[in-house]
Amino acid sequence: MAITSNFLSVWNFMKPLIYPVLAALSLLAAPLQAQQDQPVVVELFTSQGCSSCPAADAMLAEIAGRDDIIALALHVDYWDYIGWKDPFGDALHAERQRGYAAVGRRRSIFTPELIVQGQTDIVGAKPMKLMDAVEKHAEVAPSIALNIEHSGDAVQIKAEPLAQPSGLMQVHMLRYSPMERTKVTRGENAGHVMEHSNVVQGWQVLAKWDGSTPLSLTAKAEGDLPVVVIIQQQEPGGPGAILAAARSR
C-alpha cells in the first residue's frame, strides 16, 4: 500500500513535467498542415565549444529528415578561443547571425539560437516554441514559386513571383552534410562524441533579384551533397524574411 501510494505521489508530481515533453516530441515528428508546398527553413546557430548546444543539436536531428522543414546547422567560430576549435565553424555563419541580430535589434548573439524562416528567433532547445513558429510560417501563402533541379555538376534555378515584390531579394545556395560525428577532446564538451545533422557548408549568394521578371539561373554544384536554394529579403542591416526555399537531395 505504501509503495502504491508513493508511486502515485511521484506520478502526480511528474505528470506536469512529462506531458509537455511527450507533446513536444510528437510535434517534432508530425507533418505540418501547411497551406503551401514549400518547406519552412530552420537555422540553428551552434558550436561544439558550447555546453548548452548538444540539446539543440539533438532537437534539430529530430526534424532533419522531414520534407516540410529544411533544418540547417550553422556552426559558428566565436567559441573556438575557449579551448576547442569547431571543425565546422565558419566566420560567415557568425556574420549571418550578427545580421539577423542587427535586423531584429538584438544587442548580442549567442548559441544555441534558432531562426525560423528568417524572422522568428528562439533561444535554446525549446521544441514547442520551435514547432509553434514553424506552423505559423507554414500557414503563410507563398509569394514566390521556386523550383530547382540538380543534374550532374549544375543546379538549374527557376523562380517566379506570385505576388507584388516587396523589395530587393538575394538568391542563396548552400550544401549540407546530412550527418557528422566528432570526438571532442577539449573545451566545455571534452570527452563527448558529438553528432550533428545537416551541417552547412559552402553558403554563397548567387544573385540579387527584384522580382519584377521571372528568375532563371544556373549554378555549379559538384558532388552528391544535398543542395538548398533560398530566396530571402535583404534588409539594410542584414538578412530578412525567407520568401521561398527548395532542396534537392
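These numbers were taken from a predicted model, which means no experiment stands behind them.

Undergrad: What is the right way to read the packing of aromatic side chains from this model?
TA: For any pair of aromatic rings, the description rests on two quantities: the centre-to-centre distance and the angle between the ring planes. Overall, the coordinates contain 2 aromatic pairs when judged by the stated rule. Centre to centre, the rings of phenylalanine 45 and tyrosine 100 are 6.3 Å apart; their planes meet at 75 degrees, and the pair counts as edge-to-face. Taken together, the residues span a long stretch of sequence, with phenylalanine 45 in strand 1 (residues 40–46) and tyrosine 100 in helix 3 (residues 91–103) at a distance of 55 residues. Comparing phenylalanine 45 with tyrosine 100, the two get one shared label, buried.

Undergrad: Please explain the pattern of salt bridges as it appears in this structure.
TA: It is possible for side chains of opposite charge to pair when their charged atoms get near one another. Tallied over the entire structure, the rule returns 8 salt bridges. For arginine 66, the salt bridge goes to aspartate 68, with nearest N and O atoms at 3.0 Å. Accessibility expressed as a relative area gives 10% for arginine 66, which makes it buried. Within this structure, Arg106, Glu113 and Asp121 form a network of salt bridges that share partners.

Undergrad: Honestly, the pairing of strand 11 (residues 238–248) in this entry has me stumped. Any pointers?
TA: The side chains of a regular strand alternate between both faces of the sheet. Burial analysis of strand 11 places 11 of its 11 residues in the buried class, which makes it a mostly covered element. In this sheet, strand 11 lies alongside strand 10 (residues 227–235) in antiparallel orientation, the contact comprising 8 bridges. By the bridge assignment, glutamate 235 is partnered in strand 11 with glycine 238. The turn joining strand 10 and strand 11, which pair antiparallel and follow one another in sequence, is formed by 2 residues.

Analysis parameters
Residues numbered from 1 in each chain as written. Predicted model: local features only at pLDDT ≥ 70, side-chain atom pairs only at ≥ 80, totals over all residues. Heavy atoms only, no water. Phe/Tyr/Trp six-rings, centres within 6.5 Å; stacked < 30°, edge-to-face > 60°. Helix = DSSP H or I, 4+ residues; strand = E, 2+ residues; numbered from the N terminus. Buried < 20%, exposed > 50% of the residue type's maximum accessible area, 1.4 Å probe, protein only. Salt bridge = Lys/Arg side-chain N within 4 Å of Asp/Glu carboxyl O. Pairing = 2+ DSSP bridges.

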